[in-house]
Amino acid sequence: MTSRIVHGGGITAAARQYGGRPEEWLDLSTGINPNPVTLPEIPVAAWHRLPDQHLQERAREAARNYYRSGDILPLPVPGTQSVIQLLPRLVPGGSAAILSPTYGEYARAFTLAGLQVRQVSTPAELTADDRLVVAVNPNNPDGRRLPIEQLRDLHDRLRSQGGILLVDEAFGDMEPAASVAPFAASMPNLVIFRSFGKFFGLAGLRLGFVIAEAAILTRFEDWLGPWAVSGPALSIAASLMEGDTSAIRNRILQRHSALQTVLRRSSLHIAGGTALFALVADDRAEGIYTHLCRHHILVRKFDYARNWLRFGLAPDEEADQRLAGVLEDYST
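If you're wondering where the values come from, they're calculated on a predicted model, not measured in any experiment. (Residues numbered from 1 in each chain as written. Predicted model: local features only at pLDDT ≥ 70, side-chain atom pairs only at ≥ 80, totals over all residues. Heavy atoms only, no water.)

Draft legend 1. Region of the structure containing the pairing of strand β3 (residues 95-99). Counting buried positions along β3 yields five of five residues, so the element is predominantly enclosed. The side-chain alternation of β3 yields two buried faces, one formed by Ser95, Ala97 and Leu99 and the other by Ala96 and Ile98. Pairing of β3 with strand β4 (residues 116-120) involves five bridges; the strand directions are parallel. When the bridges of β4 are listed, Ala96 appears paired with Val117. In this view, the connection linking β3 to its parallel neighbour β4 by way of helix α5 (residues 105-112) has right-handed handedness. (Buried < 20%, exposed > 50% of the residue type's maximum accessible area, 1.4 Å probe, protein only. Helix = DSSP H or I, 4+ residues; strand = E, 2+ residues; numbered from the N terminus. Pairing = 2+ DSSP bridges. Right-handed = clockwise from strand over helix to strand, strands pointing away.)

Quick look at the structure:
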């Protein structure tokens, strides 16, 4: 898999194909909080100067408390996509296994780097030859969740054979009790990726964090080079992670409940998902997708599962009604 992957969020391309201005479309194709948080005040110096050490230190301390990573100070990175590209350097010439189906950029990045890549359905299919194992938890797009104890056992198994476990918790903010981050200090062959933009609704900030032992974090830091994350991004992250996020969480849960109500009233089968999206399985998926696009609503379809559609959260009740009306029109 080396061809470019079509992701959610392609409103411009959809509008060119189906008409309408991009701002008229309802974008349900991503797993991003549709109600971005209010930006905190950003010091002028954060814009004026290169990001100084104190900005990074504050963001890392805030991330340690937010992710509950104990002795580990998470490393800020310019979006987790940037470090996916670097993962093959941890196991040069090795082989990788990816719990699939999942986020497609892992397989693409590993293949382009020359790694042997296997896509497996369960941890039981892993072998002693696997040097890097990727588990997205909770998974995108089906919401599969691996218990913490299973992840710890998998880490120990990989460590004994010189392998590394990568746990991608991009959608983990809504389920902190399911995060393996609090145990990372005792798991030296573990790497955790966390996304900042999905929960806070600030994907355009291009910010993520890596949690791992100091030696691994140093390697990522060296590979990324100096000033990898902007001063404004560090300032925003620190302020928001230091604050009370309960209102954000409650709003997401409200929007999630509303989406499920719309889908069920339309007799669509919810096959999985997380608080930020729902996966629908329906043999009419391609027809539903096209019908929604003609009404300027974009959802996520999958070339490897033609009967799947992923619905992100709508921003408000008006958008719920718009989606419900278009789905009802399709079924009548």
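There is more to say after this.
Draft legend 2. Looking closely at the sheet that holds strand β2 (residues 75-77). In space, the seven strands of this open sheet follow the order β2-β8-β7-β6-β5-β3-β4, with mixed pairing throughout. If you trace the sheet from one side to the other, it starts and ends with β2 and β4, each paired once. Taking the axes of each pair of neighbouring strands and ignoring which way they run, one obtains an average angle of 20° across the sheet. Sitting on the sheet, helix α8 (residues 214-224) is in contact with β2, β7 (190-195) and β8 (208-212), with an inclination near 145° to β8. (Axes fitted to C-alpha atoms, helices over the stretch in contact; angles between N-to-C directions. Contact = heavy atoms within 4.5 Å.)

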